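Commentary on secondary and tertiary structure
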Amino acid sequence: MSDIVNHSVKKGPVRKRRELSLDDYVEGVLSGDRTMLGRAISLVESTSARHRKMAQEMLLKLLPYSCKAHRVGITGVPGVGKSTTIEALGCNLCEAGHKVAILTVDPTSSISGGSILGDKTRMSNLSIQQSAFIRPSPSSCTLGGVTKMTRETMLVCEAAGFDVVLVETVGVGQSETQVSDMVDFFLVLMLPGAGDELQGIKKGVLELADMIAVNKCDGNNDSRAKMAAREYRNALHIMKPQSLNWTPPVVCISGLSNMNLVELWEKVDEHRCALEATGELQERRTAQQFRWMWAMVEDRLINSLKSNQNVIAQMNDIQNSITDGALTATVGAQRILDAFGLTETL
Ligand code: GDP
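The paragraphs below set out a description of the structure included in this document. Just so it is clear, the model here is predicted, and its values are computed rather than measured.

Of the regular secondary structure elements, the chain holds 15 helices and 7 strands. Within the chain, contacts between residues at least 6 apart in sequence are counted, and of these 76% link residues at least 24 apart. With the model as given, the accessible surface of the chain reaches about 19100 Å², and the carbon-plus-sulfur share is 55%.

Take a look at the structure:
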């Protein structure tokens, strides 16, 4: 006798969710309704062509109500204390009357389907706050896809009344550059250590930083943290500043004991005031929009070229000729563009 057990359970009729109209989405988001905000973000994250079109229409309608929030990116290696710090900072901000959205850009979710940022039970105190909204990265998506969705999710959250958006990422691949290019202020968290702090870190990330916070400055770490802070100050000192209106400070904090986080946020506010007063904030946002627009154009063009049947038919021959030394890379590129229908000479 078969010992396979029939696990099928009789289910009641599956209730399909009502399809929402464009106006439902727009009004729902603007009213600050949590469920509608979640559904609007799902629309932004959808890969269906129909949903994508509707998402763009929705974003256009929401645009006049967004772009007012304070956008802050936070990065650091796994274990540096990002979630602990964001939780404490987020709770402080909610207490001070802000509405805080936390979004994540997790490049590891695209590689493994799992994620460094999403898997942990994170920010349990913040997640129960009425004024906080936490949205993890969509999984199984390329980094380009995740960043596009995060940018658009940010606009939806802003239209729903969130005046602070914290975007968290880990220091993997291009994710730091991508996040720094969608926020007004980029905060880099570092660990205290002795002597060799600067060795293991990517110099590039210091160039992106609007502030460095040495975390875990509690317990026995105090003197090591101060030494690390001094080294980062020296390192920043010899770098060309990103802005003439701002010198990136280095602060010592403890996310775990909520130490110096109020002072940290005061610096973020100071930065905003300094850049707003000179018009640099608006310039920075506009330049980000332009870079993003052109990046999408390039992306779409490349996709359309690589899926072009003519190009696909000739690609192998062209690559083989380059391997055999019968063709230079420039002529190879010309042939690919010819196959795509672009005739200008390189
Ligand atoms: P993430 O991977 O960067 O998000 O790091 P987590 O916030 O998950 O923190 C990693 C570990 O460091 C956890 O065990 C935290 O309790 C601990 N931690 C985080 N911030 C601090 C801090 O300010 N001081 C100390 N002593 N430990 C901390």
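As a further point, take helix H12 (residues 261-278). Between the first and last C-alpha of H12 there are 26 Å, a value that for 18 residues agrees with the 26 Å anticipated at 1.5 Å per step. Burial in H12 covers these residues: Leu-261, Leu-264, Trp-265, Val-268, His-271, Arg-272 and Leu-275. Buried residues of H12, seen end-on, are gathered within an arc of 110 degrees and therefore sit on one face of the element. H12 presents Cys-273 and Ala-277 as exposed residues on the side facing more than 90 degrees away from its buried surface.

Taking strand neighbours across the sheet as the criterion, the 7 strands line up as S3-S2-S4-S1-S5-S6-S7 in an open arrangement whose pairing is parallel. Only two strands of the sheet have a single neighbouring strand rather than two, namely strand S3 (132-135) and strand S7 (250-252). When strand polarity is set aside, the average angle formed by the axes of neighbouring strands in this sheet is 20 degrees. Pairing between strand S1 (residues 70-76) and strand S4 (residues 164-170): 7 bridges, direction parallel. Counterpart to Gly-73 in the pairing with S4 is Val-167. Along the sheet, H12 contacts S1, S4, strand S5 (185-190), strand S6 (211-214) and S7; its crossing angle with S1, the most-contacted strand, is approximately 130 degrees.

Right, let's talk about the site of the ligand for a bit. As a structural note, the neighbourhood of the ligand is formed by 16 residues, with Gly-79, Lys-82, Ser-83, Thr-84 and Asp-218 the closest of them. A distance of 3.2 Å is found between an oxygen atom of the ligand and a side-chain nitrogen or oxygen belonging to Asn-215. The separation between an oxygen atom of the ligand and a polar side-chain atom of Ser-254 is 3.1 Å. Considered on its own, the ligand offers 580 Å² of accessible surface; in the complex 73% of this is hidden by protein. Split by residue class, the shell around the ligand holds 4 nonpolar, 7 polar and 5 charged.

Glancing now at the side chain of Glu-152. For Glu-152, the position within the fold is in helix H7 (residues 143-159). Setting aside chain neighbours within four positions, we find Glu-152 in contact with Val-44, Gln-56 and Leu-59.

For the coordinates displayed, the defined rule picks out 11 salt bridges. The salt bridge involving Glu-57 is made with Lys-53; its shortest N-O contact spans 3.3 Å. With a gap of 4 residues between them, Glu-57 and Lys-53 both fall in helix H3 (residues 49-62), about one helical turn apart. Classification of Glu-57 as partly exposed rests on a relative accessible area of 32%. Here Asp-181 ties to Arg-291 by a salt bridge, and the two come within 2.6 Å at their closest N and O atoms. Taken together, the residues span a long stretch of sequence, with Asp-181 in the loop between helix H8 (175-180) and S5 and Arg-291 in helix H13 (residues 280-306) at a distance of 110 residues.

This brings us to the nonpolar core. Of all hydrophobic cores here, the largest spans 54 residues; its most connected members are Tyr-25, Leu-37, Met-58, Val-156, Cys-157, Ile-212 and Val-214. For this core, the element with the highest residue contribution is H7, accounting for 7 residues. Setting aside residues up to four positions removed in sequence, Met-58 forms contacts with Leu-22, Tyr-25, Val-26, Ala-40, Leu-43, Val-44 and Val-156. Of all hydrophobic cores here, the second largest spans 30 residues; its members include Ile-74, Val-100, Trp-246 and Ile-253.

What follows deals with the layout of surface pockets. As a volume, the largest pocket reaches approximately 1200 Å³. Taken together, 37 residues line the largest pocket, and the ones lying closest to its centre are Gln-56, Lys-148, Glu-152, Trp-292 and Met-296. The set of elements that each furnish at least two residues to the lining of the largest pocket consists of H3, H7 and H13. Take the lining of the largest pocket: its biggest share by element is 13 residues, from H13. Partitioning the lining of the largest pocket into residue classes produces 13 nonpolar, 13 polar and 11 charged.

Definitions and cut-offs
- Residues numbered from 1 in each chain as written.
- Predicted model: local features only at pLDDT ≥ 70, side-chain atom pairs only at ≥ 80, totals over all residues.
- Heavy atoms only, no water.
- Helix = DSSP H or I, 4+ residues; strand = E, 2+ residues; numbered from the N terminus.
- Contact = heavy atoms within 4.5 Å.
- Areas by Shrake-Rupley, 256 points an atom, 1.4 Å probe, with all protein chains shown as cover.
- Expected span 1.5 Å × (residues − 1).
- Buried < 20%, exposed > 50% of the residue type's maximum accessible area, 1.4 Å probe, protein only.
- Arc of directions from axis to C-beta.
- Pairing = 2+ DSSP bridges.
- Axes fitted to C-alpha atoms, helices over the stretch in contact; angles between N-to-C directions.
- Near = heavy atom within 4 Å.
- Polar contact = N/O pair within 3.5 Å; in protein donor to acceptor, adjacent residues only side chain to side chain.
- Nonpolar A, V, L, I, M, F, W, Y, C, P; charged D, E, K, R; others polar.
- Salt bridge = Lys/Arg side-chain N within 4 Å of Asp/Glu carboxyl O.
- Core = buried A, V, L, I, M, F, W, Y, C linked by side-chain atoms within 4.5 Å.
- 1 Å grid on protein atoms, 1.4 Å probe; cavity = no way out; pocket = protein on both sides within 12 Å on 5 of 7 lines; lining within 4 Å.
- Points joined across faces, edges and corners; volume = space filled by probe spheres on them.

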